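Chain residues, written in single-letter form:
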Protein chains: 2
Amino acid sequence: MKFLIIGGSDAGIAAGLRAHELDPSCDICLVLADEFPNYSICGLPFYLSGETPDWHSLAHRTEFPGISLLPSHTAERIDPKLKTVQVRRKDGNEVEIAYDKLLIGTGARPVRPSIEGFDLPGVFPLHTMEDSFAVHRFLDERQPKSAVIVGAGYIGLEMADALTHRGIHVRIASRTERILATVDPSLGEHVEAEMQKHGVEVFNRVEINSISNSGEQLTVLGTSGFAATVDLVLVAVGVRPNSELGIAAGITTGAKGALQVSRHMETNLPDVYAAGDCVETWHRLLNRNTYLPLGTTAHKQGRTAAENALGHTREFAGSLGTQVVKLFDIVAARTGLLEDEALKAGFDPFTIETTVWDHKAYYPGARELRLRVTGDQQTGKLLGAQLLGHKQSEVSKRVDVFATALFHRMDVEELNELDLSYTPPLSSPWDPIQMASQAWTRALSAAQSTSLQTA
Amino acid sequence: MKFLIIGGSDAGIAAGLRAHELDPSCDICLVLADEFPNYSICGLPFYLSGETPDWHSLAHRTEFPGISLLPSHTAERIDPKLKTVQVRRKDGNEVEIAYDKLLIGTGARPVRPSIEGFDLPGVFPLHTMEDSFAVHRFLDERQPKSAVIVGAGYIGLEMADALTHRGIHVRIASRTERILATVDPSLGEHVEAEMQKHGVEVFNRVEINSISNSGEQLTVLGTSGFAATVDLVLVAVGVRPNSELGIAAGITTGAKGALQVSRHMETNLPDVYAAGDCVETWHRLLNRNTYLPLGTTAHKQGRTAAENALGHTREFAGSLGTQVVKLFDIVAARTGLLEDEALKAGFDPFTIETTVWDHKAYYPGARELRLRVTGDQQTGKLLGAQLLGHKQSEVSKRVDVFATALFHRMDVEELNELDLSYTPPLSSPWDPIQMASQAWTRALSAAQSTSLQTA
């Protein structure tokens, strides 16, 4: 059986490894457009900050048992009838590769905003290894002192941290009400405070219109009177699916132009699977496809696709949109739905925010942990959780307890029944997760009794 | 409705608070034998180490809304027919308190080992606030330089850490093969290494026979040639239920002499509930009662008892035995069953141990995390997990993800489907939890194919 994989990032490599695990005799061929199989794109900010000095260490792995890797091979055309893929090699020659089963894992690429001057020297997107080499060279050669970062999602904020780490003064221009719009503004406010504490200037509700240069200086102009003259501009305003190859072959698309796939990761073409940032993602709470490109999801989808391609049967269990970011000394994380997302999806959400100690206050080093819990006031079901706290407050694995609870569609109240671990230096007899659950129940009762009194 | 609670620690206070929350008009009276309502017994080692200088801060709370507290009131006799309790006050006088519903939360007391010389000055148990005051006075007045700790469970090991923190040289005498027998010996070995790294001497498979004194020095003798002359001896060899009051009233007992309760926390006496360290605990995986005294469980049982006492219906969801301890710079945690416990319970366990980085190795500060995963090789169900790692490796909340998975009786393989959070400074695209799950599946396949080849 010939299993051909297009794309050498998380989805493709996870699929190849799983296929080899399930059937060591499977003939697995993987073509990737660059020279960097399964590099950690999420690690680029740390390479650029200098915390990860050697880019080679960004490789998630350097051995790919059972996979024939063809680097610098760009897939140009899929013929689903003949079951072949035309591939252009680095030397310009085309080769044709046949397949029994095909996986498309072509990933995503940065959204290119319509900003005048986007192509000027000193203005960079950041998505690929090549992008990061270009930025790295610029940092080394030009030693910029100041930067504007356009976009305040994960990459933009991590780059603000990274450049600050290198002694560069950073201004962030964000279109949203608060930075880090993946969490609610009340938490975003604390993220902003952390950025500002480290010297980063934050400008919200700003749309960048133009970048112009004068010598080596770049002047960035935007709405709300935003104007800054700096040495470097990074643009990180999100990604969109690299779905053209699949579309040209006849694959239907859905949300944001991503390839449509079943929960078995099948496309509408026979024997053609797709996974990762180029496809729609089944959302476990919404019970529908969304576009939610995340490395964790890409790994799972690639693994799932391989299992099905090799004749096993596995459904992708779905994403909860669990995400986490560390910025300076704080960590912000979320899983499930924000209140407004829940509302749009037809739930009847009720959200509380509570601040508790991450561990018993009598033990040194206790820090405040902020939790926002959203549940459905009709059914009592947990819908989502957002946490913000110190980097040593186990924020990310606390959000994972919520994620595991959401996976099983638990009630908010039921979280109290979980047998969670406790020792004074690390938690409380009711973990903050459970204190937040109790706060939710109390606040809901109070709100309901107030509304009864009003009625 | 008069709700009388005997005992002012976790179970009793949790019950009182919940009762008041459910029905502010409920007449809640709580008698406690000492002056310390809801103090954190788990915090005593940190008070004695000096990390928590003021013992007052050990109070989990200082306000008890809706609860009439009667401190220094010792319940002496329950009359279940008249529905009264005889209580002796500090001044020696007896009072009779009537109840509609009664909760017994009398807790546990230290096992008193049959060691000759246990009553000598300088030999201390450690369970109550009074115990800790006695030890604290001794530490202040006598400034001991050396100690033997008898027992290598949580309290014994935390006290080894605490006394070392104060500059005291500590020897631990443990009956078990390795210290911290709540995890498997292969992890216990690493706990020992951590203790030894900080100057603690560990003696395993030692039974202490006698303590004798000469002036202010205590000589401790045990099996395997154990002999030590020191300034202080602490004995922490476990606890047993304080169940005599309930037994005298006619309550039946079960495991280790603990009071028998239903999953509604009812005893066999009408309107008499019991909760916490004095009762049997429903084990969610074993589907039977065990004796498993833990503060987390006591809180949940107290809360559950109150709900039922007030006419609601709630079953105690059961314990998984989730536990965690921090010792010097490491954290060890477990949930569910060890392999030998699973075997005894009739499962067909298979266990692997794997060591992975706690986060992406390219980001500074990555540390090794050891995970032991036990699953059933017939059903694929997760049975338990044990973790050991650095105190900043989110060990405790990682064990809680396993605990939440166990709560829902997940397959080991299914852990891969959990949407867990990832950012390079805190995890990997497959969290260590999932890497361990994959290692378990691979090792099981390998073992099964080897056994097929052999057959």
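The rules behind the values
- Residues numbered from 1 in each chain as written.
- Chains lettered and ligands numbered in written order.
- Predicted model: local features only at pLDDT ≥ 70, side-chain atom pairs only at ≥ 80, totals over all residues.
- Heavy atoms only, no water.
- Salt bridge = Lys/Arg side-chain N within 4 Å of Asp/Glu carboxyl O.
- Helix = DSSP H or I, 4+ residues; strand = E, 2+ residues; numbered from the N terminus.
- Buried < 20%, exposed > 50% of the residue type's maximum accessible area, 1.4 Å probe, protein only.
- Least-squares fit on C-alpha atoms with pLDDT ≥ 70 in both.
- Contact = heavy atoms within 4.5 Å.
- Buried area = accessible area lost by both parts, 1.4 Å probe.
- Polar contact = N/O pair within 3.5 Å; in protein donor to acceptor, adjacent residues only side chain to side chain.
- Pairing = 2+ DSSP bridges.
- Axes fitted to C-alpha atoms, helices over the stretch in contact; angles between N-to-C directions.

J.: Would you explain the pattern of salt bridges in this entry?
T.: All names here are of chain A. Within this structure, the stated rule accounts for 70 salt bridges over all chains. Its salt-bridge partner being E76, residue R88 comes within 3.2 Å of it at the nearest N-O pair. Of the two residues, R88 sits in strand β5 (residues 84-88) while E76 sits in strand β4 (residues 74-79), which places them 12 residues apart along the sequence. Look at E76 and you get partly exposed, because its relative accessible area is 36%.

J.: Can you walk me through the relation of the copies chain B and chain A in this structure?
T.: Copy one and copy two of the chain differ by a rotation about an axis and a translation along that axis. With an RMSD of 0.0 Å, chain B superimposes on chain A once it is rotated by 180 degrees and translated 0.0 Å along the axis. The transformation relating the two chain copies, once decomposed into turn and shift, fits a two-fold axis.

J.: Is there a simple way to explain the interface of chain B and chain A in this structure?
T.: The parts lose accessible area when they come together, and the size of an interface is often stated as this lost area. At the interface, 69 residues of chain B touch 69 residues of chain A. Across the chain B/chain A interface, buried area totals approximately 6,100 Å², and carbon plus sulfur atoms make up 58% of it. Three residues, Y362(B), K397(B) and D419(B), lead the burial of chain B against chain A; their summed loss comes to 13% of the area buried on that side. Across the contact surface, chain B and chain A share 12 salt bridges. The shortest N-O distance in the salt bridge between K397(A) and D431(B) comes to 2.6 Å. At the boundary of chain B and chain A, one finds 39 residue pairs in polar contact (both at pLDDT 80 or more). Elements that contribute at least two residues to the side of chain B that touches chain A include exactly α1 (10-22), α7 (295-309), β21 (323-327), α9 (395-407) and α10 (432-454) of chain B. Of the residues forming the side of chain B that touches chain A, the biggest block, 11 residues, is contributed by α9(B).

J.: What's the story with the sheet that holds strand β9 (residues 123-125) of chain B in this structure? I'm lost.
T.: To summarise the sheet geometry, strands pair through backbone hydrogen bonds and adopt either a parallel or an antiparallel arrangement. Residues and elements named next belong to chain B. Read from one edge of the open sheet, 5 strands run β9-β16-β10-β11-β12, paired in parallel fashion. Lying at the two open borders of the sheet, with one neighbouring strand each, are β9 and β12 (201-203). Each strand axis lies, on average, 20 degrees off the axis of its neighbour in the sheet, ignoring direction. Pairing between strand β10 (residues 146-150) and strand β16 (residues 232-235): 4 bridges, direction parallel. The residue bridging I149 from the neighbouring strand is L234, located in β16. Packing of helix α3 (residues 129-142) onto the sheet brings it into contact with β9 and β16, and relative to β9 it is tilted by some 150 degrees.

J.: Please clarify how the sheet that holds strand β14 (residues 217-222) of chain B should be interpreted in this entry.
T.: Residue and element names in this part refer to chain B. Here 3 strands make up an open sheet; going across it, the order is β13-β14-β15 and the pairing antiparallel. Each edge of the sheet is formed by a strand with only one pairing partner; in this case those strands are β13 (208-214) and β15 (227-230). When strand polarity is set aside, the average angle formed by the axes of neighbouring strands in this sheet is 20 degrees. Where β13 lies against β14, 6 bridges are found, and the strand directions are antiparallel. Counterpart to S212 in the pairing with β14 is T219.

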